[in-house]
Amino acid sequence: MVVLSPATSDNWREITRVRSADDQQQWVAQTSYYLCLSAYDGLWRSYAVQADDGEVVGHVMWAVDPDDASHWIGGLVIDVQHQGKGLGRAAVDALLRLWEREPDLSGTPYREAALSVAPENEAALRVYRSVGFVESGEVEDDEIVLRRAR
Ligand SMILES: CC(C)(COP(=O)(O)OP(=O)(O)OC[C@H]1O[C@@H](n2cnc3c(N)ncnc32)[C@H](O)[C@@H]1OP(=O)(O)O)[C@@H](O)C(=O)NCCC(=O)NCCS
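Since the structure is predicted, the reported quantities are computational estimates derived from the model, not experimental observations.

A.B. asks: What's the story with the overall build of the protein in this structure? I'm lost.
C.D. replies: For the protein, the helix and strand inventory stands at four helices and seven strands. The N-to-C order of helical and strand elements in the protein reads β-α-α-β-β-β-α-β-α-β-β. Taking 2.2 N^0.38 as the reference for a compact globule, 150 residues should give roughly 15 Å; the C-alpha atoms of the protein span a radius of gyration of 14 Å, in line with that estimate. Counting only C-alpha atoms, the protein reaches 35 × 35 × 30 Å along its principal axes. In the protein, which comprises 150 residues, the share counted as buried stands at 47%. Excluding contacts between residues fewer than 6 apart, the proportion of contacts in the protein whose partners are at least 24 apart in sequence is 57%. When the accessible area of the protein is evaluated, it comes to approximately 8,200 Å², of which 46% is carbon and sulfur surface.

Rendered as structure tokens:
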């Protein structure tokens, strides 16, 4: 349903055009910020979420926590024009499958996935719970942490 492609000189412009709805901007940054974070901060890796027809419909990034080696998902945004079609869930699913397929992709073996989400972000919580993430009891910057063992 979706393909994840690393952000490159070929697709970064399309990724910057991915926008959340106005009332969702409290939960995520602009995708251009995520691209810069991935390019310059040395931790995150940005990916384009491409629909079957090749159109870039979203962004997601991931990083390994140097403290506990968990694989974090961040910056998940599906363009407002394309939300509600199962693409958000498909993007998370595709990332989990990528780690399954290449558990040493980061150099740190994949054992656990993690993410944080605002507790009132119902759409995101639905997506994450539906693929097996559960609340860990941790709170980070006012967001609840969810984890999923491999
Ligand atoms: C969260 C987000 C990525 C989900 O993407 P999506 O493609 O719209 O989600 P899906 O179509 O895969 O839907 C997954 C589930 O969420 C539900 N859902 C979608 N939009 C919803 C909404 N506004 N309110 C409540 N549930 C919603 C769907 O009904 C579906 O659940 P179901 O299968 O049990 O019916 C998207 O809403 C988004 O980009 N939001 C803004 C950015 C954001 O909040 N990112 C997460 C940061 S942690």
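Structure's up, so let's keep going.
A.B. asks: Explain the pattern of salt bridges to me, please; I cannot follow it from the model alone.
C.D. replies: By the definition in use, this model includes six salt bridges. Between Arg 97 and Asp 93 there is a salt bridge, with the nearest N and O atoms lying 3.4 Å from each other. Of this pair, Arg 97 and Asp 93 both sit in helix α3 (residues 87–101), four residues apart, roughly one helical turn. Residue classification places Arg 97 among the partly exposed positions, given a relative accessible area of 45%. Between Arg 129 and Glu 135 there is a salt bridge whose closest N-O contact spans 2.5 Å.

A.B. asks: What am I meant to see in the packing of α3 against helix α4 (residues 122–130) here?
C.D. replies: The N-to-C vectors of α3 and α4 enclose an angle of 45°; their axes lie 9 Å apart at closest approach. Considering their axes alone, α3 and α4 lie oblique with respect to each other. As for how α3 packs across α4, the hand of that crossing is right-handed. Contacts between α3 and α4 pair Gly 88, Arg 89 and Val 92 from the former with Arg 126, Val 127, Tyr 128 and Ser 130 from the latter. Taken together, the residues of the contact of α3 with α4 sort by class into three nonpolar, two polar and two charged.

A.B. asks: Is there a simple way to think about helix α2 (residues 31–40) in this case?
C.D. replies: Residue pairs three or four apart in sequence face the same way in an α-helix, which turns once every 3.6 residues. Taken together, the buried positions of α2 are occupied by Thr 31, Tyr 34, Leu 35, Leu 37 and Ser 38. One side of α2 holds all its buried residues, which, seen down the axis, span an arc of 160°. In α2, the exposed positions angled more than 90 degrees off the buried face are occupied by Ala 39 and Tyr 40. Looking at the buried positions of α2, the neighbouring elements they touch are α1 (12–16), β2 (45–51), β3 (56–64) and β4 (71–78). Note on α2: the residue one or two positions beyond its end, Gly 42, has a positive phi of about 80°.

What counts and how
Residues numbered from 1 in each chain as written. Predicted model: local features only at pLDDT ≥ 70, side-chain atom pairs only at ≥ 80, totals over all residues. Heavy atoms only, no water. Helix = DSSP H or I, 4+ residues; strand = E, 2+ residues; numbered from the N terminus. Rg over C-alpha atoms; globule rule 2.2 N^0.38 Å. Buried < 20%, exposed > 50% of the residue type's maximum accessible area, 1.4 Å probe, protein only. Contact = heavy atoms within 4.5 Å. Areas by Shrake-Rupley, 256 points an atom, 1.4 Å probe, with all protein chains shown as cover. Salt bridge = Lys/Arg side-chain N within 4 Å of Asp/Glu carboxyl O. Axes fitted to C-alpha atoms, helices over the stretch in contact; angles between N-to-C directions. Parallel < 35°, antiparallel > 145°, perpendicular 65-115°, else oblique. Left-handed = near helix turned anticlockwise from the far one by under 90°. Nonpolar A, V, L, I, M, F, W, Y, C, P; charged D, E, K, R; others polar. Arc of directions from axis to C-beta.

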